Amino acid sequence: MATTDDYGQGVSIAQLTDPPDAETLAKNIANAIVQRSNLRFASASARTAAIPTPVEGMEAWLNDTDTKTIYNGTAWVTQSKLLMDWTALSSLGSYATGFAAALPVPRMRKVQELGSEVWELEGRIAASPALTGATTHLAFTFSSGHRVANGRGFSTYNSSHYGTRVTVASDGKLTVSVPTEAGNTVTNVWLDGIRITNPAA
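Residues numbered from 1 in each chain as written. Predicted model: local features only at pLDDT ≥ 70, side-chain atom pairs only at ≥ 80, totals over all residues. Heavy atoms only, no water.

## So, the pattern of salt bridges
Considering all chains together, one arrives at five salt bridges under this definition. E59 is the partner of K68 in a salt bridge, and the nearest nitrogen-oxygen pair spans 3.1 Å. Given the relative accessible area of 25%, K68 is considered partly exposed. Between E120 and R195 there is a salt bridge, with its nearest N and O atoms 2.5 Å apart. Highlighted residues: E120 in strand β10 (residues 116-122) and R195 in strand β17 (residues 194-197), separated in sequence by 75 residues. (Salt bridge = Lys/Arg side-chain N within 4 Å of Asp/Glu carboxyl O. Buried < 20%, exposed > 50% of the residue type's maximum accessible area, 1.4 Å probe, protein only. Helix = DSSP H or I, 4+ residues; strand = E, 2+ residues; numbered from the N terminus.)

Following this line, the structure appears as C-alpha cells:
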C-alpha cells in the first residue's frame, strides 16, 4: 500500500510490496510535485481551464501579463508584477536649475508586490554649485502620473558623507536637505534605497 513523503506534502510513494506499476508511480509523484511548483500558463483563462478547483497555496505565472499569482483559498491574488521598467528620471519630469543626472543615472521603476504598488528609485543626482548645509533645495519635479498622493520622506547618502533628507511631495517636487555639518561641500546626492510603498495612499 502506497505511503506519503516524509515532509507531509501528500506525495504518494509506492512501497516495495505494491504491485509493479511504473506509470502510476511516476504519475503520482509528478502530479503531486507539479501542483506544488510555480505553474506557468499563457493567461488567467488558461490557468482557470487547467485548474478548475485550485488548492490554497498554489502558485501560477501568467505569461501574457508577466504576473505571479497565488491562490489564497478564495481567489488568485497577484504577488508580483512589473508595472513600469527602470526609467530615467529625465523621462518622468524635469531637473531644477543647478541639478542634473550623474552616474549611475537616476531612475525609477514601479512594481506590484503582494498586491500593493511600490515605486523604487536609484542613482545619483549632481548639484552645481555645491549645496549649502542646513537648507532645502528643489532638485526635481515629477510629471503628473508619477506623483504620490501624500508627501513622503527618506534618508539617503551624499558626497559629504553626511545624511541627506529627501522629500517627495504630492505636487511632484523632490527636495533634498543636508545638515549644517555638511558645510558647502555637497555636490552629489544618491537616491539608492528609496522605496515609496502604496503611493496612492
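On we go.
## Quick word on the environment of G183
Structurally, the position occupied by G183 is in the loop between β15 (173-178) and β16 (186-190). Residue contacts for G183: discarding those within four places in its chain leaves L131, T132 and G133. (Contact = heavy atoms within 4.5 Å.)

## Quick look at the environment of E181
Tracing the chain through its elements places E181 in the loop between β15 and β16. Taking relative accessible area as the criterion, E181 reaches 53% and is therefore assigned exposed.

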